[in-house]
Amino acid sequence: MDTLEAMNSCIAMRYLKPDPLPRDTVRTLVHAATRASSPGNSQGWEFVIIDDAGLKADFGAAVGAAMAPVFAHRPSDLPGPLERMYRGAEHLASHFANVPVWILGCGRKVYPPQAPQDVFMYSTIYPAAQNLIVAARAMGIGTAFTTFHMTIEPLLRQRLNLPAEVIPCVMIAAGYPERAFTPVRRRPVDEVMHWNGW
Ligand SMILES: Cc1cc2nc3c(=O)[nH]c(=O)nc-3n(C[C@H](O)[C@H](O)[C@H](O)COP(=O)(O)O)c2cc1C
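Everything quoted here is computed from the prediction, not taken from an experiment.

By nearness alone, every residue bordering the ligand is listed as Ile11, Ala12, Arg14, Met85, Ala89, Tyr126, Phe145, Thr146, Thr147, Val184 and Arg186. Within the contact set of the ligand, an oxygen atom lies 2.6 Å away from a side-chain nitrogen or oxygen of Arg14. In the environment of the ligand, a nitrogen atom lies 3.1 Å from a nitrogen or oxygen atom belonging to the backbone of Phe145. For the ligand, whose accessible area on its own is 630 Å², the fraction buried by protein is 64%. Going through the elements one at a time, α4 (80–94) and β3 (142–146) are the ones with two or more residues in the shell around the ligand. Tallied by class, the residues present in the shell around the ligand amount to 7 nonpolar, 2 polar and 2 charged.

Next up, the structure:
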């Protein structure tokens, strides 16, 4: 698939089939992630793959409990797209254990070596994560970027044996899509583009 077409239809796929993703396929996704740029080529990224049913069940129960009030108390008058997003996120959280693979993108605060900063850790993992989701789209695999890790970090650390210096930054669901890929809806390019000044 053409790269621009993959980017244009790389929607958050929160409805995924439970069919397993082959481990070689997941490896290809992480390979794509690690082709990304990083400051000073520091590559302070790590990817913890979660495809174990027991881990997914435990994390899913914890995410479900943590997110329940967020979903329950969302405003009743949300605009359509935002309401659909909430519904999708709720579906994803409640089907956490059925998602074939969760990819926990982590960072290490390593750049610049003389005075490491958080900003460079996040600016390392996010381009890698974007590479991963676009590669997945090109391979016909759906993904959804989430921050679910933030709700259960102590449990993740304990069950996944994360070293203290490894920081979970993004938790990506991956699997074959249950719904069609459609074009992403974004602000028009002419609205956000400024030639030679604002
Ligand atoms: C940093 C980041 C955090 C996100 N967190 C979540 C999340 O916790 N749950 C979720 O369902 N989607 C999450 N998303 C996905 C966005 O909500 C989604 O990309 C956006 O609504 C646009 O929808 P689209 O990608 O389908 O066009 C996140 C995206 C980013 C970049």
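From this point on, the discussion continues.
The next thing to look at is the side chain of Lys56. Along the chain, Lys56 falls in helix α3 (residues 53–72). It turns out Lys56 is buried and unbridged, and the closest side chain with the opposite charge, Asp51, is 7.1 Å from it. A polar atom in the side chain of Lys56 sits 2.7 Å from the backbone oxygen of Val99. Beyond its immediate chain neighbours, meaning those up to four positions away, Lys56 contacts Ile50, Asp51, Phe96, Ala97, Val99, Pro100 and Trp102.

Here we come to the packing of aromatic side chains. Taken as a whole and judged by the stated rule, the model has 5 aromatic pairs. Look at Phe96 and Trp102: their rings are 4.1 Å apart centre to centre, the planes differ by 10°, and that puts the pair in the stacked class. Using a relative accessible area of 1% as the deciding quantity, one classes Phe96 as buried. Grouped by ring-pair contacts, the aromatic residues Phe96, Trp102 and Phe148 constitute a single cluster. Positioned over the ring face of Phe181 is Arg137, at 3.8 Å from the centre of the ring. It is Arg179 that lies over the ring of Tyr15; its NZ or CZ is 3.6 Å from the centre.

The rules behind the values
- Residue positions are given per chain, counting from 1 as you read along its sequence in written order.
- Local features in a predicted model are, by the rule used here, given only for residues with pLDDT of at least 70; side-chain atom pairs are given and counted only at 80 or more, and totals for whole chains, interfaces and linings are based on all residues.
- The side-chain quantities take in all heavy atoms of the structure and omit both hydrogens and water.
- Residues are classed as near a molecule or strand on a simple rule: at least one heavy atom within 4 Å of it.
- Whenever two N or O atoms come within 3.5 Å, that pair is a polar contact, provided that in protein one can donate a hydrogen and the other can accept it, and provided that, for residues adjacent in sequence, both atoms are side-chain atoms.
- Note on areas: these come from Shrake-Rupley sampling with a 1.4 Å probe, and a residue is covered only by the protein chains present in the view.
- The helix count covers DSSP runs of H or I at least four residues long, the strand count covers runs of E at least two residues long, and both are numbered beginning at the N terminus.
- Under the grouping applied here, Gly and all other residues not named as nonpolar or charged are polar, the nonpolar ones being Ala, Val, Leu, Ile, Met, Phe, Trp, Tyr, Cys and Pro and the charged ones Asp, Glu, Lys and Arg.
- Burial here depends on accessible area, computed with a 1.4 Å probe over protein chains only, as a share of the maximum for the residue type. Under 20% is buried, over 50% is exposed, and the range in between is partly exposed.
- Counting rule applied: Lys, Arg positive; Asp, Glu negative; His and chain ends not counted.
- Whenever Lys or Arg places a side-chain nitrogen within 4 Å of a carboxyl oxygen from Asp or Glu, that contact is recorded as a salt bridge.
- Throughout, a residue-residue contact means that at least one pair of heavy atoms, one from each residue, lies within 4.5 Å.
- Geometry of aromatic contacts follows a simple scheme: Phe, Tyr and Trp rings, the Trp one being its six-membered ring, pair when their centres are within 6.5 Å, and the pair is stacked under 30 degrees between planes, edge-to-face over 60, tilted otherwise.
- Charge-over-ring placement is defined geometrically: NZ (Lys) or CZ (Arg) within 6 Å of the ring centre, and within 35 degrees of the ring normal.

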